[in-house]
Amino acid sequence: MEKKTFPRTRIQWLWDNMKGKRFLFIVALFGTVLYNAFQLTIPFFSQKVVDEFIAGENAAANLANNRDRFLMLIGMMVGITVLRALVVYADCMAYEHVSQSVLYKVRNILFHKIEYQDMRFYNEYRTGDLMTRVTGDLDAIRHMVAWVVRMIIEAFSLMTATLVYFFSMNVRMTLWLMAIAPFILIIIRVFRIKVGPMHALLREKLAGMNTSAQENISGNRVVKAFAREDYEIKKFDESNRDYSETNQKTQMVWLKFYPYIESCANLMPVVLMVVGGTYLIRGELTMGQYVAFSGLIWALANPMRMLGNIMNEFQRFSAASAKDMEIYYSEPVIVDAPDAIDKPDRLKGEIEFKNVSFKFEDGKYPVLKNISFKAEPGQTVAIMGETGCGKTSLIHLIPRFYEPTSGEVLVDGINVNRYKLRQLRKNIGLATQDVLLYSDTIDGNIAFGDSHISKEEVLKFARYSQASEFIAKMPEGYDTIIGERGVGLSGGQKQRISLARALAVRPSILILDDTTSAVDMETEKQIQNSLRKLDFNCTKIIIAQRISTTKVADKIIVLKDGVIAEQGTHQELIAQKGYYYELVKLQAGEEVV
Ligand code: DUT
Ligand code: MG
C-alpha cells in the first residue's frame with residue numbers, strides 16, 4: 001500500500017485539532033492518573049489495617065487501644081472509593097467532551113476541503129469512500145481521544161505507581177516480578193506488525209461496502225430497469241461478508257497472541273508466591289507487604305493484558321487517520337493566483353479562446369487541440385459536434401473547472417486564471433449536461449445561486465425557461481419538494497429548472513450544455529426566444545444538436561475530435577457544404593435546404 005506523507009504526525013495532527021480543549025484534555029489526563037492513584041491507596045490502607053490490627057504482633061492490643069485509628073483507616077478506604085467514582089465520572093465526561101469537539105472540528109474541516117476540491121478530485125475519489133472518511137474513520141479518531149489515550153495513561157500510571165510503591169516496599173521482589181515484562185513487550189511488538197495491515201485492509205473493505213451501498217441507493221432506478229436487484233443484493237452480500245470476515249480475521253490475530261500474553265501475566269502471581277513466599281519465611285517481607293503485593297499484582301498484569309487491545313485500537317486509529325489526513329491536507333490545484341485581480345463588478349462577457357489545448361490528467365490523448373474563437377459580449381455561440389468530441393470539456397475551461405494544457409482562455413481580455421475564482425464563477429450561469437437538483441423546493445432550487453432573489457424573479461426566470469406552466473400544475477407549485485425525495489420530474493422538466501437556476505444569477509456568461517435536448521421542438525423555440533429577450537446583458541455559449549437552435553446563433557463552432565472543423569454563421573457553414581451542411585440536410589429534410 002502506498003505511504004502518504006503529511007506535514008504533521010498523527011499525534012501532532014490530533015493535538016492541532018484539540019486547540020481550545022487542550023487544557024481540559026491535560027486536566028483529564030491528570031484525572032486518569034489521579035483515579036488510578038486512588039485505586040492504589042486502597043491496598044495501602046488495607047496493608048496498614050492488616051499489619052497493625054489483624055496480623056501484626058500487637059494486633060489485638062492495637063485494636064483495643066487504637067480504635068479511632070482503625071476507624072479512620074476504614075473511613076479513608078470508603079471515602080476514597082466514593083471520591084474515585086466521582087473523579088472517574090468527571091474524567092469520562094471531559095474525554096467525551098474533548099473527543100466530540102475534535103470530531104466536530106475535523107468533520108467541518110474535511111467537509112470544507114471536499115467542497116473546495118477541483119473537478120479532478122471527484123473523478124478520483126468515490127463518494128462511498130469520502131462518506132466513510134467523514135463517518136467511520138472519524139469515529140476511530142474520536143475513539144482514540146476518548147478511549148485509547150485514556151487506556152494508555154491508565155495502563156502506564158497504574159504500572160508506574162505500582163512499581164514505585166513496590167520498589168519502596170521491596171526492590172528485589174519487584175525486580176523478580178518485572179522479569180516477565182520484556183517478553184510481553186516483544187510479543188506486543190510482533191502483534192503490532194501483524195495487525196497493522198489488517199486494519200488498513202479492514203478500512204478499505206468498509207469503504208468498498210459503503211460505496212456499493214451508496215451507488216445502489218442513488219442508482220436504484222438503473223438497478224430496477226435492468227432487473228438486477230438479486231445480482232446487486234448478492235454482490236452487496238459478498239462485500240458485507242468480506243468485511244465481516246476481515247473483521248473476524250483481525251480479531252483472530254489478537255487471539256493468536258493472547259495465550260502468550262495471558263501466560264506471561266499469569267506467571268506473575270506464581271513468581272510472587274514462590275519468591276515472595278521465600279522472602280516471607282526469611283522475614284524479608286512482612287505479611288502486610290505480601291498482602292499489598294498480592295492485592296496489587298493485577299495493576300502490573302492487567303495493563304499488560306490490555307496492551308493488545310490498546311494496540312488494536314491504535315492501529316485502527318492509524319488506518320483511519322491516514323485517510324482523513326489525506327483529505328485534511330489536500331489542496332485544490334485550481335486556486336486564486338496570489339496576485340489575482342479584484343474585479344467585483346459585473347463582467348462584460350467577452351470570451352476568447354487562444355490556441356487552447358487540453359488533456360485530462362489521466363487521459364492519453366488531448367481532448368481539445370488548438371481551439372481559437374471569440375464571442376463578443378451579448379453574442380450567442382453555438383457549439384456542435386459528435387458525442388465525445390470535447391464540447392463539455394471546452395466549456396468547462398471557462399469557469400476554470402480545469403486548466404488548459406496550453407493556450408489561454410480570456411474573459412474580458414483577461415486570462416481566467418487571473419481572476420478570483422469566486423468572482424469569475426459568479427458571472428457564469430451554467431446548466432450542466434446531467435442535471436442535478438437538490439432535495440429542496442422548486443423555488444429553492446431556482447434560487448440556488450442567489451438565495452436573495454424575490455419570488456417575482458423566480459417566477460420570471462421560470463417563465464423564461466418555459467417552466468412556469470408545469471410548475472403551476474405541481475401539487476404545491478413552487479413549494480413542491482423535488483429531487484431525491486418528493487415528486488419526480490421528467491427529464492425535460494429538470495432541464496428547464498436547471499436553466500432557470502442558471503438564469504437566476506443574471507450571469508454575464510450563460511453556458512448551456514445540451515440543456516434543451518430533452519425538451520420538445522416547440523418549447524425549445526420559445527426558450528430560445530426568451531433567451532434573446534433577457535433583461536440583462538449576457539453572452540451565451542450553447543451546446544446543442546438541433547439546427548433550430550444553432551441557426552440563430554451569431555457563430556457556430558463545429559468540433560471534430562477536439563479540433564474546430566468549421567466555424568461561421570448558419571449561412572456561411574451551409575455554403576461550406578461540410579459537416580454542418582450535412583446535418584442540416586439530415587434534420588430538415590433535403591427540400592428545405
Ligand atoms: N473525458 C475524460 N475524462 C472526463 C470527461 C471526459 O477523459 O472526466 C473524455 C471522454 C471523451 C472526451 O474526454 O473522449 C471528451 O468528452 P466531453 O465530455 O468533452 O465530450 P462531449 O463532446 O461533451 O460529448 P457529449 O456530446 O456526449 O456530451
Ligand atoms: Mg458533453
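Look up: the structure comes first, before these words.
The model shown is predicted, which means the values in this text are computed figures rather than measured ones.

Each value, and the rule that gives it
- Residues numbered from 1 in each chain as written.
- Chains lettered and ligands numbered in written order.
- Predicted model: local features only at pLDDT ≥ 70, side-chain atom pairs only at ≥ 80, totals over all residues.
- Heavy atoms only, no water.
- Helix = DSSP H or I, 4+ residues; strand = E, 2+ residues; numbered from the N terminus.
- Rg over C-alpha atoms; globule rule 2.2 N^0.38 Å.
- Buried < 20%, exposed > 50% of the residue type's maximum accessible area, 1.4 Å probe, protein only.
- Pairing = 2+ DSSP bridges.
- Near = heavy atom within 4 Å.
- Polar contact = N/O pair within 3.5 Å; in protein donor to acceptor, adjacent residues only side chain to side chain.
- Areas by Shrake-Rupley, 256 points an atom, 1.4 Å probe, with all protein chains shown as cover.
- Nonpolar A, V, L, I, M, F, W, Y, C, P; charged D, E, K, R; others polar.
- Contact = heavy atoms within 4.5 Å.
- Phe/Tyr/Trp six-rings, centres within 6.5 Å; stacked < 30°, edge-to-face > 60°.
- Donors = N, O, S within 2.8 Å, 3.2 Å for Na, K, Ca; no water.
- Axes fitted to C-alpha atoms, helices over the stretch in contact; angles between N-to-C directions.

J.: In this structure, what is going on with the overall build of the protein chain? I would like to understand it.
T.: On a plain count of helices and strands, the protein chain comes out with 23 helices and ten strands. For a compact globule of 593 residues, the expected C-alpha radius of gyration is about 25 Å, and the protein chain comes in at 36 Å, more than 25% above that figure. In terms of its C-alpha atoms, the protein chain occupies a principal-axis envelope of roughly 125 × 55 × 45 Å. Split into buried and exposed, the 593 residues of the protein chain put 47% on the buried side.

J.: Just checking my understanding: could you explain the sheet that holds strand β2 (residues 368-375) for this structure?
T.: Backbone hydrogen bonds hold the strands of a sheet together, and the pairing may be parallel or antiparallel. The four strands are arranged β2-β1-β4-β5 in an open sheet whose pairing can be described as antiparallel. Each of the sheet's edge strands pairs with one partner strand only, and the pair in question is β2 and β5 (414-415). By the bridge criterion, five bridges tie strand β1 (residues 351-358) to β2 in an arrangement that is antiparallel. Paired with Ile 351 across the strands is Ala 375, a residue of β2.

J.: Would you mind showing me how to read the site of ligand 1 here?
T.: Residues in contact with ligand 1, as listed here, are Asn 123, Phe 360, Val 367, Thr 387, Gly 388, Cys 389, Gly 390, Lys 391, Thr 392, Ser 393 and Gln 433. Between Ser 393 and ligand 1, the recorded distance is 2.5 Å, taken from a side-chain N or O atom to an oxygen atom. When ligand 1 is considered free in solution it has 600 Å² of accessible area, and contact with the protein chains removes 63% of it. The residue inventory of the shell around ligand 1, partitioned by class, reads three nonpolar, seven polar and one charged.

J.: Would you mind going over the side chain of Asn 170 with me for this structure?
T.: Inspection of the secondary structure puts Asn 170 in the loop between α7 (136-169) and α8 (171-178). There is a polar contact of 3.2 Å between the side chain of Asn 170 and the backbone nitrogen of Arg 172. Residue contacts for Asn 170: discarding those within four places in its chain leaves Tyr 279, Glu 284, Leu 285 and Phe 293.

J.: In this structure, what is going on with the packing of aromatic side chains? I would like to understand it.
T.: Each pair of aromatic rings is reported with the distance of its centres and the angle of its planes. Considering all chains together, one arrives at 19 aromatic pairs under this definition. Relative to Tyr 402, the ring of Phe 360 has its centre 5.2 Å away and its plane inclined at 85 degrees; by these criteria the two rings are edge-to-face. You can see Phe 360 sitting in the loop between β1 and β2 and its partner Tyr 402 sitting in the loop between α14 (391-396) and β4 (406-411), a full 42 residues away along the chain. Using a relative accessible area of 24% as the deciding quantity, one classes Phe 360 as partly exposed. Under the relative-accessibility criterion, Tyr 402 is labelled buried at 13%.

J.: Any chance you could explain the coordination of the magnesium ion (ligand 2) here in plain terms?
T.: Working reference: metal with six octahedral donors, ideal angles 90 or 180 degrees; metal with four tetrahedral donors, ideal angle 109.5 degrees. Protein coordination at the magnesium ion (ligand 2): the donors are Thr 392 (OG1) and Gln 433 (OE1), at 1.8 to 2.2 Å from the metal. Separated by 41 residues along the polypeptide, Thr 392 in helix α14 and Gln 433 in the loop between β6 (428-431) and α16 (442-446) bring together distant segments of the chain. A residue is classified by how much of its surface remains accessible, and Thr 392, at 24% relative accessible area, is partly exposed. Exposure remark for Gln 433: the relative accessible area of 39% places this residue in the partly exposed category.

J.: How should I be thinking about the pairing of strand β10 (residues 563-568) in this particular structure?
T.: Along a regular strand, successive side chains alternate from one face of the sheet to the other. Pairing geometry for strand β9 (residues 555-560) and β10, over five bridges, is antiparallel. Its bridge partner lying in β10, Ile 557 is registered against Gln 567. Counted along the chain from β9 to the antiparallel partner β10, the turn is two residues long, and its residue Asp 561 has a positive phi close to 50 degrees.

J.: When you look at the sheet that holds β9 in this model, what are you seeing that I'm missing?
T.: In space, the six strands of this open sheet follow the order β6-β7-β8-β3-β9-β10, with mixed pairing throughout. Only two strands of the sheet have a single partner each, and these edge strands are β6 and β10. Along the sheet, successive strands turn relative to each other by an average axial angle of 15 degrees, direction set aside. Here strand β3 (residues 380-385) pairs with β9 via five bridges, running parallel. In the strand pairing of β9, Gly 385 is matched with Leu 559.

J.: Just to check I follow, could you spell out helix α12 (residues 287-296) for this structure?
T.: Structurally, the α-helix is built with 3.6 residues per turn, so residues lying three or four positions apart point the same way. Along α12, the residues that are buried comprise Gly 288, Gln 289, Tyr 290, Ala 292, Phe 293 and Leu 296. The inward-facing, buried residues of α12 contact α2 (22-54), α7, α8, α11 (229-282) and α13 (298-328).

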